[in-house]
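# Notes for the structure review
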Amino acid sequence: MTDHKPKIAFFQCHWCLYAPEDQEWVDRRLPDNIRLIKVPCTGRIDPLFVLNAVQGGAEGVVISGCLPEKCHYKEGNLAARRQLQEFSSFMDYIGYDEARLRFVWLDLQDRGRIQRELADFENQLQQLGSAEALAARQPLEEGGAHE
Ligand code: FES
């Protein structure tokens, strides 16, 4: 096991019903390797946000949303899950293992679960090893395609 703390982008739906102590932990005491991005609904997460996080160095992405029947925008979370699963297959195809993307649906009774999910995900990422940074790949030369 390595001591490397993988960088994690953590998208959290603003309406997610976290227990107050869990939300306080998320808002004030997240470990340094986890970057919080709040969104109005998981349905508002454009796959390009995820790609941007990966290009910025995220070795894993967690998306936390409301339970399916509790999404404030009816089925925003279900649509997001479908869309982002397809996107994660694409990411896997280009070399970013789809095990690096995790969905978590939470409700008030899931006290302490977000901490457990993040710790478990971090452990999974450590076992996967470091991700080849997509951002580190050679960009196309300016002005067009390679010859
Ligand atoms: Fe929370 Fe849609 S409002 S996932």
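Before reading further, recall that the structure is shown in the block above.
## Overview of unusual backbone geometry
Of note, the phi angle at lysine 74 is positive, near 65°, even though the residue is not glycine. Along the chain, lysine 74 falls in the loop between β3 (60-66) and α3 (76-93).

## Comments concerning the nonpolar core
Grouped together as the largest cluster of nonpolar side chains are 30 residues, with contacts concentrated most on Ala9, Ile45, Val61 and Val62. Elements supplying a minimum of two residues to this core: β1 (8-13), α2 (47-55), β3, α3, β4 (101-106) and α4 (113-128). Per-element tally for this core: the top contributor is β1, with 5 residues. If we skip the residues at most four places from it in the chain, isoleucine 45 touches Phe11, Val39, Val50, Ile63, Ala80 and Leu84.

## Some points on the pairing of strand β2 (residues 34-39)
For β1 and β2, the ladder comprises 6 bridges, and the chain directions are parallel. Its bridge partner being in β2, alanine 9 is matched across the sheet by arginine 35. Handedness of the crossover joining β1 and β2 through helix α1 (residues 20-28) is recorded here as right-handed.

About the thresholds
- Residues numbered from 1 in each chain as written.
- Predicted model: local features only at pLDDT ≥ 70, side-chain atom pairs only at ≥ 80, totals over all residues.
- Helix = DSSP H or I, 4+ residues; strand = E, 2+ residues; numbered from the N terminus.
- Core = buried A, V, L, I, M, F, W, Y, C linked by C-beta atoms within 7 Å.
- Buried ≥ 20, exposed ≤ 12 C-beta atoms within 10 Å, placed from the backbone.
- Contact = placed C-beta atoms within 7 Å.
- Pairing = 2+ DSSP bridges.
- Right-handed = clockwise from strand over helix to strand, strands pointing away.

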